[in-house]
Amino acid sequence: MAERPDHREQRHPIKAVPVRHPGRWVAGVAVAVLAAMLVNSLLTNPAFNWPEQAKYLFSPPVLDGVRNTIWLTVAAMAGGVGFGIVLALMRLSANPLLRGASWLYVWFFRGTPLFTQLLIWGNIGALFPTLGLGIPFGPQFVQGQTNALYSAAAAAALGLIFNEAAYMAEIVRGGIQSVDHGQQEAAAALGMSRAQTLRRIVLPQAMRVIVPPTGNEAISMLKNTSLVAAVPYLELTFTAQTIYATTYQIIPMLVMVCLWYLFLSSLMMVGQFYLERHYAKGHRR
Amino acid sequence: MSEPMVRAEAVCKSFGHVPVLKGIDLEVRPGEVMCVVGPSGSGKSTFLRCVNHLEKIDAGRLWVDGQLIGYRQRGDRLHELRDREVAAQRRDIGMVFQRFHLFPHMTALENVMEAPLRVRGDSRAAATEQARALLDRVGLADRTGNYPAQLSGGQQQRVAIARALAMHPKLMLFDEPTSALDPELVGEVLDVMRDLAGDGMTMIVVTHEMGFAREVGDSLVFMDDGLVVERGAPKEVLTNPRHERTQAFLSKVL
């Protein structure tokens, strides 16, 4: 039998020659060159016209646009989440009519473009010239002209809410179904009602699955509000368009708008981080 | 003799076309600890889940403390109970599951407080005090603030027992409470159950722990293929099984 080598020296820290990675260097240099070109262009290309952007960044019309973008995002997400929960519960209901209605709703609103939906909401008066309150197929008690009762802001918000609800319904349904059925049995065995079980046991756990995609939805929504120009409603992007329609400074206005969106979406990412951490409760050791 | 705590008459249950319970007749006296053993698929867990109406029985009748479970008899017709009424019946019946089913987003203390707070409407102070006392009783006074994921399997199951006791049940159902535990953690859970039996709790325990059944059980039921094959004093059934199916089963597990 061969004599075993003496391993005692191996207790010293290993000083080995590291493997070289030339590919990393090449890729790194390429990225650095591209970044330098970008910075150079940002600083020297007069078409960016930074002074023009600075002039409008906090101007009253732009701030109005920012405000409209923010409230639309908040309203659309709040409404979309609330309505989405209702649709998800309908979809999980024992009642086949409710299940079918929810499915049909999601099928329509996910199957057609948001831009097209917003165009329809903007022209809803042509479809339903009057709005009223009364008995279905029977007499109406109050009635009014749609275009008088209904503003561009309402059209924009409703269009976004109804679209978002379809996506949220699927996210909420997935979240509820991710919760182990044993949780509902344990709650039932303690004598908790269905509503209590849903609110206290199932939804808080479903949130862990629901929150990350909902954060993504909210960030998408921030940008999708720009589509309400179809209604038309004056939010951030549409405001920029109205400004460059007279100044012809197209790129500076669009870059300025991007800066606003980046600022707002960064804020939302911070919020998302804390929200996810809150709902991870009990899953960190 | 006093009214039985649990009375089952010809209880049948099928899943689809598969009959799982084929006519179970059983009585459990107040204060009795009944252990149910049998091969997997024999219907023991299903029977236990029928007792608190987690499963709806297809035929027969089941009473707990004189109350018909899941139905109301009006004349010769049975009416299904409303969700609220079923929930009220379940309040008095504690259940402990094989896989604990603690609420993972709540601490041990919050798990035990939840039902007294939301179902019975206790004040927060009263619920907290009771939960602390119950966790102390199962030996977890120093774990009140831990989430289930931070506890061992044995500790989680003891929290689950405390959670069930918080509703002051008159009957406790145990569905293989030690089957998901590492062997060295089984003892601590059985100790708690032994104490509970000593305090006079009526218990139905579906288990594979023959030692526990022999030592703590007042009666032992052997189930196979949806039927009660044999019932008697645990020592008697375990040492002198009369039925050959019981003999065959015990020869494999003992």
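These lines cover the structure that appears in this document, whether it is placed above or below. (Residues numbered from 1 in each chain as written. Chains lettered and ligands numbered in written order. Predicted model: local features only at pLDDT ≥ 70, side-chain atom pairs only at ≥ 80, totals over all residues. Heavy atoms only, no water.)

A few points about the packing of aromatic side chains
Under the definition given, this model contains 13 aromatic pairs over all chains. Plain terms: the ring middles of Phe-83 of chain A and Phe-162 of chain A are 5.8 Å apart, the flat faces sit at 80° to each other, and that makes the pair edge-to-face. Separated by 79 residues along the polypeptide, Phe-83 of chain A in helix H3 (residues 60-91) and Phe-162 of chain A in helix H8 (residues 152-178) bring together distant segments of the chain. Between Phe-108 of chain A and Phe-109 of chain A, the ring centres sit 5.1 Å apart and the planes meet at 85°, which makes this aromatic pair edge-to-face. Each residue in the set Phe-83, Tyr-105, Phe-108, Phe-109, Trp-121 and Phe-162 of chain A is aromatic and connected to the rest through ring pairs, giving one cluster. Taking the ring centre of Trp-63 of chain B as reference, the NZ or CZ of Arg-7 of chain B above it sits at 4.3 Å. Over the ring of Phe-103 of chain B we find Arg-163 of chain B, and its NZ or CZ is 4.5 Å from the ring centre. (Phe/Tyr/Trp six-rings, centres within 6.5 Å; stacked < 30°, edge-to-face > 60°. Helix = DSSP H or I, 4+ residues; strand = E, 2+ residues; numbered from the N terminus. Lys NZ or Arg CZ within 6 Å of the ring centre and 35° of its normal.)

Digging into unusual backbone geometry
Going from Val-231 of chain A to Pro-232 of chain A, the amide bond is cis rather than trans, its omega being 5°. For Pro-232 of chain A, the position within the fold is in the loop between helix H10 (194-224) and helix H11 (236-247). Positive phi, close to 65°, is recorded for His-53 of chain B, a residue that is not glycine. Mapped onto the elements, His-53 of chain B comes out in the loop between helix H1 (44-51) and strand E4 (59-64). Despite not being glycine, Glu-176 of chain B has its phi angle at roughly 45°, a positive value. Note on placement: Glu-176 of chain B falls in the loop between strand E9 (171-175) and helix H6 (183-198).

Side note on the environment of His-53 of chain B
Residue and element names in this part refer to chain B. Of the residues examined, His-53 reaches a relative accessible area of 12% and is grouped as buried. As for His-53 and Val-37, which are separated by 16 residues in sequence, their C-alpha atoms are 21 Å apart. Every residue in contact with His-53, bar those within four places of it in the chain, is listed here: Ile-69, Gly-70, Tyr-71, Val-86 and Arg-90. (Buried < 20%, exposed > 50% of the residue type's maximum accessible area, 1.4 Å probe, protein only. Contact = heavy atoms within 4.5 Å.)

Considering the pairing of strand E1 (residues 130-134) of chain A
All names here are of chain A. Pairing of E1 with strand E2 (residues 140-145) involves 5 bridges; the strand directions are antiparallel. Bridged to Gly-134 within E2 is Gln-140. The turn joining E1 and E2, which pair antiparallel and follow one another in sequence, is formed by 5 residues; a positive phi near 60° is taken by Phe-137. (Pairing = 2+ DSSP bridges.)

Some words on the sheet that holds strand E1 (residues 6-15) of chain B
Residue and element names in this part refer to chain B. The 4 strands lie next to each other as E2-E1-E4-E5, forming an open sheet whose pairing is antiparallel. With partners counted over all chains shown, the strands left at the sheet margins are strand E2 (18-28) and strand E5 (67-68), one partner each. Note that E1 and E2 share 8 bridges and pair antiparallel. Following the sheet pairing, Ser-14 is matched in E2 by Pro-19. Where H1 meets the sheet, it contacts E1, E2 and E4, and its direction lies at approximately 65° from that of E2. (Axes fitted to C-alpha atoms, helices over the stretch in contact; angles between N-to-C directions.)

Details of the sheet that holds strand E3 (residues 33-37) of chain B
All names here are of chain B. Read across the open sheet, the 6 strands follow the order E8-E9-E10-E3-E11-E12; overall the sheet is mixed. With one partner strand each, in any of the chains shown, strand E8 (93-96) and strand E12 (227-232) form the two edges of the open sheet. On average, each strand axis in the sheet is inclined to that of its neighbour by 20°, with strand direction left out of account. When strand E11 (residues 219-224) meets E12, the two strands line up antiparallel, connected through 5 bridges. From the neighbouring strand, Phe-222 faces E12, where its bridge partner is Glu-230. Helix H5 (residues 153-165) rests against E8 and E9 of the sheet, and its axis sits at about 170° to E8.

Considering the pattern of salt bridges
Per the counting criterion, the structure on display carries 24 salt bridges over all chains. Here Arg-29 of chain B makes a salt bridge to Glu-32 of chain B, at a shortest N to O gap of 3.6 Å. On the basis of relative accessible area, Arg-29 of chain B is assigned to the partly exposed category, the value being 38%. Residues Glu-188 of chain B and Arg-158 of chain B are paired through a salt bridge, measuring 2.9 Å at the closest nitrogen-oxygen approach. Residue Glu-188 of chain B is located in helix H6, and its partner Arg-158 of chain B is located in helix H5; the two are separated by 30 residues in the primary sequence. What makes Arg-158 of chain B buried here is its relative accessible area of 10%. Among the ionic contacts, a cluster of salt bridges with common partners joins Arg-91, Glu-170 and Arg-173 of chain A. (Salt bridge = Lys/Arg side-chain N within 4 Å of Asp/Glu carboxyl O.)

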